[in-house]
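# Fold and geometry: a report
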Amino acid sequence: MDPDEEIEIDFYPFLIVYKSGRVQRFGSTSRKSAGTDATTGVTSKDVLIDAATGLAVRLFLPKGVSGSQKLPVLVYAHGGGFVTESAFSPRYTGYVNALVAAAGVVAVSVEFRLAPEHPIPALYDDAWAALCWAAASCVSGGPEPWLAEHGDSTRIFVAGNSSGGNVAHNVVMRAGKEGLDRGARIEGMVLLHPLFMGKAPVPSEGTLAGRSESIWRLLCAGRYGIDHPFSNPLAMPPEEWAALGCRRALVTTAELDPARDRGRKYVEALRGSAWGGEEAALYETEGEGHMYFLLKHARSDPVVAAKAANEMAAVVSFISRGMCASDCNIRSAL
């Protein structure tokens, strides 16, 4: 067989590596310009943080914010299997626009380097640098005017979907170990259908379980085993969860998502650990798959659209502190 056609690593629908070394990525590479969103009135702009690494962010500011109004700061990591997508894509620009409008936050959507060209932990380092930059900017006279005027560094939320949920977890772990300057604090962490892996399979993973080790080896260039905490926080002993540097946590899953069981077990592990936080909440949507709320049918099918709206409402409520007491499970009934 032609080595340029014979598959070495199958990470579809994100990426396929062939035995010749050829890499085929899937999905759109289109980008959407920053500006004012006609639907929500949210305004966005792009900021280059580090020219050496290319680290940049897209900032979002909701409509009608007064000059002195302070808002929670949402640092967002996009999904795409660690290998595709962008903070500047139409998909993530649209999603963060909607979330900013609904939650009333100023958002920092991170454009980080992608694997395998930049192996893990490069994207963790980029997301961490973006968080530190955002926190340091939320002061009078800070380097970024939107954050200096409107960002409240005592109400930071770190969020991400799919692989971005993995990134968000690892950034919050690092924040707990290293701390943030100037009294900045992570109030909450939101993991939307987070993508974790591990040597021992879980039922929801199906055929993904047999491919996980080769995929993870590709992503990190073989630097870490698949049960390293970067990939598999479930392998951490209970006392190590004490480092998770947020006060509250929300994890969302979907019934038909291969990542479902690890999301459920993440919340169970967090609740049973030495973590000193106040709330570990789980929200699960029935009858849907991985990241359903970002797919086209979430806009065209009214039933799916209602489920997506409910999931976003749960995130918004969590950010505004109105969702849960200290022990809750919420399940979409739609």
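What counts and what doesn't
- Residues numbered from 1 in each chain as written.
- Predicted model: local features only at pLDDT ≥ 70, side-chain atom pairs only at ≥ 80, totals over all residues.
- Heavy atoms only, no water.
- Salt bridge = Lys/Arg side-chain N within 4 Å of Asp/Glu carboxyl O.
- Helix = DSSP H or I, 4+ residues; strand = E, 2+ residues; numbered from the N terminus.
- Buried < 20%, exposed > 50% of the residue type's maximum accessible area, 1.4 Å probe, protein only.
- Pairing = 2+ DSSP bridges.
- Axes fitted to C-alpha atoms, helices over the stretch in contact; angles between N-to-C directions.
- Contact = heavy atoms within 4.5 Å.
- Expected span 1.5 Å × (residues − 1).
- Parallel < 35°, antiparallel > 145°, perpendicular 65-115°, else oblique.
- Left-handed = near helix turned anticlockwise from the far one by under 90°.
- Nonpolar A, V, L, I, M, F, W, Y, C, P; charged D, E, K, R; others polar.
- Core = buried A, V, L, I, M, F, W, Y, C linked by side-chain atoms within 4.5 Å.

This brings us to the pattern of salt bridges. All told, the structure shown has 25 salt bridges when counted by the stated rule. The shortest N-O distance in the salt bridge between Arg262 and Glu205 comes to 2.5 Å. Residue Arg262 is found in helix α6 (residues 260-271), and its partner Glu205 is found in the loop between β9 (186-192) and α5 (208-220); the two are separated by 57 residues along the sequence. Residue Arg262 is classed as buried on the basis of its relative accessible area of 4%. By relative accessible area, Glu205 is classed as buried at 6%. Note that Arg247 is salt-bridged to Glu278, the shortest N-O span being 2.2 Å. On the criterion of sequence distance, the pair formed by Arg247 in the loop between α5 and β10 (248-254) and Glu278 in the loop between α6 and β11 (279-285) is long-range, its members being 31 residues apart. Bridged by salt links that share partners, the residues Arg185, Glu187, Arg247, Arg248, Glu278, Glu279 and Arg321 form one connected network.

Turning our attention to the sheet that holds strand β3 (residues 23-25). Spatially, three strands are ordered β1-β2-β3 in an open sheet, and the strand pairing comes out antiparallel. Bordering the open sheet on either side are β1 (7-11) and β3, each of which pairs with just one other strand. Taken over all neighbouring pairs, the strand axes of this sheet differ in orientation by 10° on average, direction set aside. The sheet contact formed by β1 and strand β2 (residues 15-18) spans four bridges and is antiparallel. Among the inter-strand pairings, Asp10 is bridged to a residue of β2, identified as Ile16. Along the sheet, α5 makes contact with β1 and β2, crossing β1 at roughly 95°.

Turning next to α6. Taking 1.5 Å of rise per residue, the 12 residues of α6 would be expected to cover 16 Å, and the 17 Å separating its terminal C-alpha atoms lies within 8% of that figure. The complete set of buried residues in α6 reads Arg260, Asp261, Arg262, Gly263, Tyr266, Val267 and Leu270. Summarising the contacts, the buried residues of α6 are in contact with α4 (163-178), β9, β10 and β11.

This part covers the packing of helix α1 (residues 90-103) against helix α8 (residues 302-319). In a pair of packed helices, the angle between the axes and the distance between the axes together describe the arrangement. Two numbers describe how α1 lies on α8: the axes approach to 10 Å, and their chain directions differ by 50°. Our classification of the angle between α1 and α8 gives oblique. Regarding α1 and α8, the two cross each other, and that crossing is right-handed. Of α8, the residues touching α1 (which contributes Tyr95, Ala98, Leu99, Ala102 and Ala103) are Met312, Val315, Val316 and Ile319. Across the contact of α1 with α8, the residue classes break down as nine nonpolar, no polar and no charged.

Here we come to the nonpolar core. Among the nonpolar cores identified, the biggest contains 71 residues, and Ile156 and Leu219 are the most heavily contacted of them. When residues in this core are grouped by element, the largest group, nine residues, is from helix α2 (residues 122-137). Contacts of Leu219, omitting those with residues within four sequence positions, involve Phe11, Gly81, Phe82, Val83, Ala115, Pro119, Ile120 and Met197.

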